[in-house]
Amino acid sequence: MVPSPSNPQKIQQFLSSALSQRGPSSVPYEESAKWLIRQHLLNLISSYPSLEPKTASFMHNDGRSVNLLQADGTIPMPFHGVTYNIPVIIWLLESYPRHPPCVYVNPTADMIIKRPHAHVTPSGLVSHPYLQNWIHPSSNLVDLVSDLSAAFARDPPLYSRRRPQPPPPSPPTGYDASLTRPTSADQSLPRPFPPSPYGGGGGGGRVQVQHVHHQQQSDDAAEVFKRNAINKMVEMVHSDLVSMRRAREAEAEALLSLQSGLKRRDEEVNRGLKEMVDEKETLEQQLQVISMNTDILDSWVRENQGKTKNVVDIDVDTAFEVGDTLSKQMLDCTASDLAIEDTIYSLDKSFQDGGLPFDQYLRNVRLLSREQFFHRATGSKIRAAQMEAHVAAIAGRLHS
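Residues numbered from 1 in each chain as written. Predicted model: local features only at pLDDT ≥ 70, side-chain atom pairs only at ≥ 80, totals over all residues. Heavy atoms only, no water.

A. A look at the UniProt feature "coiled-coil region" (unreviewed entry) in the protein chain. Feature annotation in UniProt places "coiled-coil region" (unreviewed entry) on residues 266-293, given in this structure's numbering. Across residues 266-293, the secondary structure splits into 100% helix and 0% strand, with the terminal C-alpha atoms separated by 41 Å. (UniProt positions renumbered as here; feature names shortened; annotations may be inferred. Helix = DSSP H or I, 4+ residues; strand = E, 2+ residues; numbered from the N terminus.)

In structure tokens form, the structure reads like this:
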């Protein structure tokens, strides 16, 4: 009997609350996968209303206990023209939906698991090709339950447990024994699952076991051959799917590696292009500075070209005259810097020749280096001020 479907709005509220809960009792799924998990469960409940989403504690093989989502209920199983309900529990593990769920057949007290079964272990764990070939994000719960229903229809995993029947009462004296009929459990009680192939107790049970045994012996050989052929084809298709999946995964890995290499080269090309653009801008600035200096030198040469015609003896100290205060300061700083450089060189030679004590050498070099640093710093500031003045002058000439 299929239970009445739950309120879809309540199910949506329950899933939203369970997936958004925080704290020790929260479900351990990835934030990016919670929306897809919610859609999978809603689609499953919509297609199979006999399943109901719940949260429960799941115990791993290593002893860890986690709070997980599950779909608990029954799935339909058509068998010999009758639809039965197989109780199952579908656990959504922490890695879902990237990895398949864990499915268990959950027999009640009056059911037993068929042994052996192609897809169900004695503990109830379900192993099916759909679970083994789970591919994210195309695989989903609706297709899984549909495939399990079809697989269980071919080979039911559960049977109803037989109950021993009391022997039929002896007919009263004077009546024909053929008029009395013993009541059979198969006639008086509805059977929600296929009859068990393992038999039961009592005389009536032995008659039923013999009947089932004769029925199994009289199975059509063509039907057995057909079943074996189907199983063989399923195995071959499964093997081909596994091979194709591995090949596609290898191709995908190669394409991802190629994409990574192309992305790295694109970054290198963009970086090289940016460096070339920066270098071009730097060269253009230097070219402008050289052009300005060339104009300055040309104008200076034109102004001083005829001044040396009548000069006979030139005094080196008075050969150059500074034109402004910045130039005079620059000349003094440069002269002092070079003079200190020559002095330090002479001190080095004297110390190497042994004519200067070590402590006196260090003291003099420290004092001269300090003075040289200040001259060089002053020269740098003067050079920057002169450059600004030249630029301003050239800009003024260009505007005029």
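B. How the structure looks around the pattern of salt bridges. Enumeration according to the criterion identifies 13 salt bridges in this entry. Arg98 is the salt-bridge partner of Glu30, the closest N and O atoms lying 3.9 Å from each other. You can see Glu30 sitting in the loop between helix 1 (8-20) and helix 2 (34-47) and its partner Arg98 sitting in the loop between strand 3 (82-92) and strand 4 (102-105), a full 68 residues away along the chain. With relative accessibility at 42%, the residue Glu30 sits in the partly exposed group. In this structure, Arg64 and Glu94 form a salt bridge, with 3.8 Å as the shortest nitrogen-oxygen distance. Remark: Glu94 occurs in the loop between strand 3 and strand 4 and Arg64 occurs in the loop between strand 1 (51-59) and strand 2 (65-79); sequence separation between them is 30 residues. Residue Arg64 is classed as partly exposed on the basis of its relative accessible area, which comes to 42%. What you see here is one network of salt bridges that share partners, running through Arg22, Glu31 and Lys34. (Salt bridge = Lys/Arg side-chain N within 4 Å of Asp/Glu carboxyl O. Buried < 20%, exposed > 50% of the residue type's maximum accessible area, 1.4 Å probe, protein only.)

C. Looking closely at the sheet that holds strand 2. Pairing in this open sheet of four strands is antiparallel, and the strands run 1-2-3-4 from one edge to the other. Looking at the sheet topology across the chains shown, the edges are occupied by strand 1 and strand 4. Neighbour-to-neighbour, the strand axes of this sheet turn through a mean angle of 35°, independent of strand direction. In this sheet, strand 4 lies alongside strand 3 in antiparallel orientation, the contact comprising four bridges. Bridge assignment links Ile90 to a residue of strand 4, and that residue is Val103. (Pairing = 2+ DSSP bridges. Axes fitted to C-alpha atoms, helices over the stretch in contact; angles between N-to-C directions.)

D. Up close: helix 9 (residues 358-399). The terminal C-alpha atoms of helix 9 lie 61 Å apart, and with 42 residues this matches the ideal 62 Å at 1.5 Å per residue to within 8%. For helix 9, the full list of buried residues reads Tyr361, Val365, Leu368, Gln372, Gly379, Ile382, Gln386 and Ile394. (Expected span 1.5 Å × (residues − 1).)

E. Local environment of the pairing of strand 1. For strand 1 and strand 2, the ladder comprises nine bridges, and the chain directions are antiparallel. Paired with Lys54 across the strands is Gln70, a residue of strand 2. In this structure, the hairpin formed by strand 1 and strand 2 is closed by a connection of five residues, where Gly63 is found at a positive phi of approximately 95°.

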